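Here is what each chain is made of, one letter per residue.
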Amino acid sequence: MKKLYIILGALFLSLGGFAQHKESQNILDKLLRDDKMLNIMLDTRVDFQTTFNNNDLDEATFHGQTFKLWLVGEIIPGIRYRVRHRLNKPQTPLREGYSAATDQAWVAFDIGKNWTITAGKQSVQFGTFEYDYNPADIYQPTMAFNDLDAYKTGIDVAYKFIGQTLHLQVVNSDAPQFASDDYKNKALAVNVLWEGSLMDGKIKTRWGYGAFQHTKSKFYQWITPGIQLNLGKFSTELDYYMGNRMMDYSDVTENTDLGERYVRDQSVSLNLKLNLGKWRPFVKGTWNQRFDKEFDNNAYESMGIQAAMEFYPFTNPLVKDLRFHALYAYGNTNFQGEFADKNNKDTHMLLVGTRWLFKAK
């Protein structure tokens, strides 16, 4: 919170100082006075969460799930930017030159009507619709969504044609789950994504493929197709992830000596949604499997089901994104292979909370 006051205080002081020079045409003055050039938004979600693990109460506490500062705008027609910074995450510096808490810091340039080039720290172009959600709108994600390193520095080239968008992206592949420690300073990833719209938007696609460099000659590959069906107030999304990486999953198996393991992960999610205006219920099912390539067998499989109701009570543009939500989720983890002697895990979670995206300027 202290960091937020410092940031907003500096902005408001700047606004006061430049108010005396309204004739000035420098870019900072325009940013402070023009909403199109600078929008400042605060994004937060707070929940009360109760979790039972194998019928034992695991937690009953309030969670500040997210607290983010957004800076978004268009400098001139065709040149846009976005900075999204998490204020509730440690500000650990990274090799890329950004804090780990900085999800996005990019500038996009439109070239004609069809081409856009985006440079800076950005979302890795995985497919699936679950991956495209703001994390504040995800309650119980798939294993792949939860673990993938989703923001990297690089460049993305997008081509738009007849309602479709094709992305070709090159970003750093220095995440420990992809790059070997000896090669992390020169590892890159290449991603291709098709964002499609068919039958007047009734069917949409987010099909992705990525190759993440591990060593000079070894790449970890990910396939991430997602399809969405829209029929009036009803929509459904089917997503699939499959890929290889290095993971330390000792927190799941409660084996502190496990260390980094070479695994193949798969996740599936099916999301059924209904938009009734202010009321928006949904049901989502998930399935995950982790295959340990060094053990040459499955480590575990998990399945989950969640049902939620979201309520958007306000229509005023200033508070239209404020919502209240309630959710019940059940999950089961079935240990296999080397961990077959472990008892399965059954978890029940009850969650109520609120989320809002507030425009401060």
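Residues numbered from 1 in each chain as written. Predicted model: local features only at pLDDT ≥ 70, side-chain atom pairs only at ≥ 80, totals over all residues. Heavy atoms only, no water.

How should I be thinking about the overall build of the chain in this particular structure?
Secondary structure summary: the chain contains four helices and 17 strands in total. Computed over the C-alpha atoms, the radius of gyration of the chain is 22 Å, within 12% of the 21 Å expected from 2.2 N^0.38 for a compact globule of 361 residues. Along the three orthogonal principal directions, the C-alpha set of the chain runs to about 75 × 50 × 50 Å. Across the 361 residues that make up the chain, the buried fraction comes to 44%. Within the chain, residue pairs in contact and separated by at least 24 positions form 55% of the contacts whose partners lie at least 6 positions apart. For the chain, the exposed area adds up to about 18,600 Å²; of that, 60% sits on carbon and sulfur atoms. (Helix = DSSP H or I, 4+ residues; strand = E, 2+ residues; numbered from the N terminus. Rg over C-alpha atoms; globule rule 2.2 N^0.38 Å. Buried < 20%, exposed > 50% of the residue type's maximum accessible area, 1.4 Å probe, protein only. Contact = heavy atoms within 4.5 Å. Areas by Shrake-Rupley, 256 points an atom, 1.4 Å probe, with all protein chains shown as cover.)

Help me understand the environment of His214 in this model?
Mapped onto the secondary structure, His214 falls in the loop between β9 (203-213) and β10 (219-224). According to the relative accessible area criterion, His214 is buried, its value standing at 12%. Sequence separation between His214 and Ala187 is 27 residues; the distance between their C-alpha atoms is 6.7 Å. For His214, the residues in contact, after removing those within four places along its chain, are Phe178, Ala179, Ser180, Tyr183, Phe219, Tyr220 and Met246. For His214, the side chain forms a polar contact with the main-chain oxygen of Phe178, separated by 2.7 Å. (Polar contact = N/O pair within 3.5 Å; in protein donor to acceptor, adjacent residues only side chain to side chain.)

Would you explain the packing of aromatic side chains in this entry?
Any two aromatic rings considered together are summarised by their centre-to-centre distance and by the angle between their planes. Under the criterion given, the structure shown has 15 aromatic pairs. With centroids separated by 5.5 Å and ring planes inclined at 20 degrees, the aromatic side chains of Tyr159 and Phe161 adopt a geometry described as stacked. Their ring planes at 70 degrees and their centres at 5.9 Å tell us that Tyr249 and Tyr300 sit as a pair that is edge-to-face. In this pair, Tyr249 is assigned in the loop between β12 (234-247) and α4 (250-253) and Tyr300 in strand β15 (residues 297-311), connecting sequence segments 51 residues apart. On the accessibility criterion, Tyr300 (4% relative accessible area) is buried. (Phe/Tyr/Trp six-rings, centres within 6.5 Å; stacked < 30°, edge-to-face > 60°.)

Would you mind going over unusual backbone geometry with me for this structure?
Glycine aside, a negative phi is what most residues show, and trans is what most peptide bonds show. Phi at Ile162 is positive, roughly 35 degrees, even though this residue is not glycine. Relative to the helices and strands, Ile162 resides in the loop between β6 (151-161) and β7 (164-172). Within the chain, Asp200 stands out as a residue other than glycine whose phi angle is a positive 55 degrees. Here Asp200 lies in the loop between β8 (188-198) and β9. Judged by its relative accessible area of 82%, Asp200 falls in the exposed class.

Please clarify how the nonpolar core should be interpreted in this entry.
Looking at soluble globular proteins, one finds that nonpolar side chains tend to be buried together. Residues Phe126, Tyr131, Leu148, Phe178, Phe212, Trp222 and Tyr241 are the most contacted members of the largest nonpolar core, which totals 19 residues. Within the second largest apolar cluster, nine residues are counted, among which are Met143, Leu258, Val263 and Phe339. (Core = buried A, V, L, I, M, F, W, Y, C linked by side-chain atoms within 4.5 Å.)

For this particular structure, what's the right way to read the confidence of the model for the chain?
Should the pLDDT be low somewhere, the predicted coordinates at that spot are not to be read in detail. Of all residues in the chain, 90% have pLDDT values of 70 or greater, and the mean over the chain is 89. Within the model, the stretch residues 4-8 combines pLDDT values under 50 with six contacts to residues more than four positions away or in other chains. This stretch, residues 17-24, has a pLDDT under 50; its non-local contacts, to residues over four places away or in other chains, come to nine contacts. (pLDDT = per-residue confidence, 0-100.)

Explanation requested: the pairing of β15 in the structure shown.
As a general feature of sheets, a regular strand has side chains that alternate between the two faces. Bridge count for strand β14 (residues 279-292) against β15 is 14 bridges, and the pairing is antiparallel. Following the sheet pairing, Gly285 is matched in β15 by Ile305. The turn joining β14 and β15, which pair antiparallel and follow one another in sequence, is formed by four residues; a positive phi near 60 degrees is taken by Asp296. Bridge count for β15 against strand β16 (residues 323-335) is twelve bridges, and the pairing is antiparallel. Following the sheet pairing, Gly304 is matched in β16 by Gly331. (Pairing = 2+ DSSP bridges.)

Got a minute to help me understand the side chain of Ser302 in this structure?
Inspection of the secondary structure puts Ser302 in strand β15. Residue Ser302 is classed as buried on the basis of its relative accessible area of 13%. Discounting chain neighbours no more than four positions away, the residues touching Ser302 are Thr286, Trp287, Asn288, Asn332 and Thr333.

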